[in-house]
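# Geometric and topological summary
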Amino acid sequence: MSDAPSFSLSGKVIIQFGGTGLLGRALVDAIASAGATLIVASRNRLALESLAATEQAQGHIVHIDEVDIGSEESLQALRDRVLRDHGQIDGIVFNAVSRPMSGYSGDLDQWRSSMDVNATGFFATVRTFGDAMAHRKSGSIVNIASQMGTIGMNPWLYEGTSMSASPDYFFHKGGMINLTRYLASHYGDKNVRVNVVSPGGIYNPDTPQADAFLARYGKMTMLGRMADAPEIGGSVVFLLSDASTYITGANLPIDGGYTAK
């Protein structure tokens, strides 16, 4: 019998928050393909139905559920439903994000709205489900941050385009990375691991992007290009799996070498 660690998620119950965007859909496919029983939770159940149907047609075990991560009561109700229906929670992936600000001059109400999801909602989610996994003394939490949480804004990338970088995004992703370290320490003695991945820019063929921006961005990476969304999923599966049982408090850049250059 091999003693090699398992990269499979078979037998594990995983909850993913945020699944309808470009990266979210790719993560759903990666986690489900690895054999997990996956619950994708969102405020908009209807937006998830076609996603779940596609995955189920491929033989994957994907369920959908409604949750408002701005409400602790809603999060606790989701936790209780998952435990009732599946008997355990082995991991969560926090990929939910709100981006109401379009630039530095955005209204302060947009900043406050962003905080509700990206800061308060994030902490409430991790605490609710982290405590449930701590009770079983087993689990893995994977938070989806960004390379923008570790670097400053580069105005050169956006010159001559209508694109811009919003300050709330940098603030929240930087906070997510350091709160992950705190949470890893808090849950360590309960055998619950907490890690964060920091993707670089992800190419979206459905979003108009200036050729100048793409060319400049490519020059900032060692691989000369943006990521494709499916390239992020393998690292998330790894951190959820038993192949990473001695990794916690880590920030894994998935940025083509952008932040190492």
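Parameters at a glance
- Residues numbered from 1 in each chain as written.
- Predicted model: local features only at pLDDT ≥ 70, side-chain atom pairs only at ≥ 80, totals over all residues.
- Heavy atoms only, no water.
- Helix = DSSP H or I, 4+ residues; strand = E, 2+ residues; numbered from the N terminus.
- Rg over C-alpha atoms; globule rule 2.2 N^0.38 Å.
- Buried < 20%, exposed > 50% of the residue type's maximum accessible area, 1.4 Å probe, protein only.
- Contact = heavy atoms within 4.5 Å.
- Phe/Tyr/Trp six-rings, centres within 6.5 Å; stacked < 30°, edge-to-face > 60°.
- Lys NZ or Arg CZ within 6 Å of the ring centre and 35° of its normal.
- Pairing = 2+ DSSP bridges.
- Axes fitted to C-alpha atoms, helices over the stretch in contact; angles between N-to-C directions.
- Expected span 1.5 Å × (residues − 1).

### A short note on the overall build of the chain
Within the chain one finds seven helices and seven strands. For the chain, the α and β elements follow one another from N to C terminus as β-α-β-α-β-α-β-α-β-α-β-α-α-β. The C-alpha radius of gyration computed for the chain amounts to 18 Å, which stays within 12% of the reference 18 Å derived for 261 residues, consistent with globular compactness. Overall, the chain is about 55 × 45 × 40 Å in size when its C-alpha atoms are taken along their principal axes. For the chain, with 261 residues in total, the buried portion stands at 47%. A fraction of 75% describes how many contacts in the chain between residues 6 or more apart in sequence connect residues 24 or more apart.

### Points about the environment of Gly257
If you trace the backbone, Gly257 turns up in the segment after strand 7 (251-254). Linking Gly257 and Thr221, residues 36 residues apart in sequence, is a C-alpha distance of 5.2 Å.

### Quick word on the packing of aromatic side chains
Enumeration according to the criterion identifies eight aromatic pairs in this entry. For the cation-ring pair, Arg99 lies above Tyr169, with the distance from its terminal atom to the ring centre recorded as 3.9 Å. It is Arg216 that lies over the ring of Trp156; its NZ or CZ is 5.7 Å from the centre.

### Details of the pairing of strand 6 (residues 192-199)
Most of strand 6 is tucked away: eight of the eight residues are buried. Residues Val192, Val194, Val196 and Ser198 point to one face of strand 6 and Arg193, Asn195, Val197 and Pro199 to the other, with burial holding for every one of them. Where strand 5 (residues 139-144) meets strand 6, six bridges bridge the pair, whose relative direction is parallel. In the sheet register, Ser140 faces strand 6, and the bridge partner there is Arg193.

### A closer look at the sheet that holds strand 6
If you walk across this open sheet you meet the seven strands as 3-2-1-4-5-6-7, and the pairing is parallel. Two strands bound the open sheet, and with one partner strand each, they are strand 3 (61-66) and strand 7. Taking each pair of neighbouring strands and ignoring which way they run, the sheet shows an average axis angle of 20°. One ladder, built from four bridges, connects strand 6 with strand 7; its direction is parallel. What sits directly across from Val197, in strand 7, is Leu252. The strands that helix 1 (residues 22-33) touches are strand 1 (13-17), strand 2 (37-42), strand 3, strand 4 (91-94), strand 5 and strand 6; relative to strand 1, the one it contacts most, it runs at about 175°.

### Considering helix 5 (residues 167-187)
Counted at 1.5 Å a residue, the expected span for helix 5 with its 21 residues is 30 Å, and the 30 Å between its end C-alpha atoms agrees. Among all positions in helix 5, only Asp168, Tyr169, Phe170, His172, Lys173, Met176, Ile177, Thr180, Leu183, Ala184 and Tyr187 are buried. In the core, the buried residues of helix 5 are packed alongside strand 4, helix 4 (108-136), strand 5, strand 6 and strand 7.

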